[in-house]
Amino acid sequence: MKLKATGILAALILILYLASCESDAGIEFKRYYSTGALVYQTHCQNCHAADGQGLSDLIPPLTDSSYLKNNKGALACFIKSGLMGPITINSKAFDDVMPANDLSPMQIAQVLTYVGNSFGNKLNTINQQQVEADLGKCR
């Protein structure tokens, strides 16, 4: 009986240990996401708002998952170089200027991971290597 109880206890400890382990990808996502929240608060929130809703007809919301997915490769360029010209988000046209930003590729990756996984969006981790590749394609 004592041996059986010890075996059950050992099995429970093993299950708890395995459940507490997190993958490297999960840890990387959390690191990018949490730091990206701080970058967003410092550099983006003033215009796009804490909830990503933007500002009426002037500043577009960041809540349109389809726009983000369809333009995923250009998002880093939008942040680094700014954005001019008309865009349509949630069937609404916006034609204002988003200023360029001096964020590093790592900060851009962090803020894109945050925005891409907040406000109803689900884009997973956007890492520094992807941002650097995307920045190399900016026009």
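Our subject is the structure listed above.
Notes on the structure follow. (Residues numbered from 1 in each chain as written. Predicted model: local features only at pLDDT ≥ 70, side-chain atom pairs only at ≥ 80, totals over all residues. Heavy atoms only, no water.)

## Description of the overall build of the chain
The cut-off we apply is this: Helical segments are the DSSP runs of H or I of at least four residues, strand segments are the runs of E of at least two, and each set is numbered from the N terminus. For the exposure calls, accessible area comes from a 1.4 Å probe over protein chains only, and a residue counts as buried if that area is under 20% of its type's maximum, exposed if over 50%, partly exposed in between. Throughout, a contact is declared for two residues whenever any of their heavy atoms are within 4.5 Å.
Along the backbone of the chain there are 7 helices and 2 strands. Expressed as a percentage of the 139 residues in the chain, the buried residues total 35%. Partitioning the contacts of the chain with sequence separation of at least 6, the portion at a separation of at least 24 is 55%.

## Let's talk about the side chain of glutamine 110
Position of glutamine 110 among the secondary structure elements: in helix α6 (residues 105-115). In this structure glutamine 110 touches Tyr32, Thr35, Gly36 and Val39, once residues within four positions along its chain are discounted.

## What about helix α2 (residues 24-43)?
Cut-off, in case you're wondering: The span one expects for a helix is its residue count, reduced by one, times 1.5 Å.
Here α2 contains 20 residues, and its C-alpha end-to-end distance of 28 Å stays within 8% of the 28 Å for a straight helix at 1.5 Å per residue. Of the surrounding elements, those touching the buried residues of α2 are α3 (45-48), α6 and α7 (128-135).

## Here we look at the pattern of salt bridges
To be explicit about the condition: Every case where a carboxyl oxygen of Asp or Glu lies within 4 Å of a side-chain nitrogen of Lys or Arg is listed as a salt bridge.
What the rule picks out here adds up to 1 salt bridge. A salt bridge links lysine 92 to aspartate 57; the nearest nitrogen and oxygen atoms lie 2.7 Å apart. Here aspartate 57 lies in the loop between α3 and α4 (65-70) and lysine 92 lies in strand β2 (residues 92-94), a separation of 35 residues in the sequence. A relative accessible area of 34% places lysine 92 in the partly exposed class.

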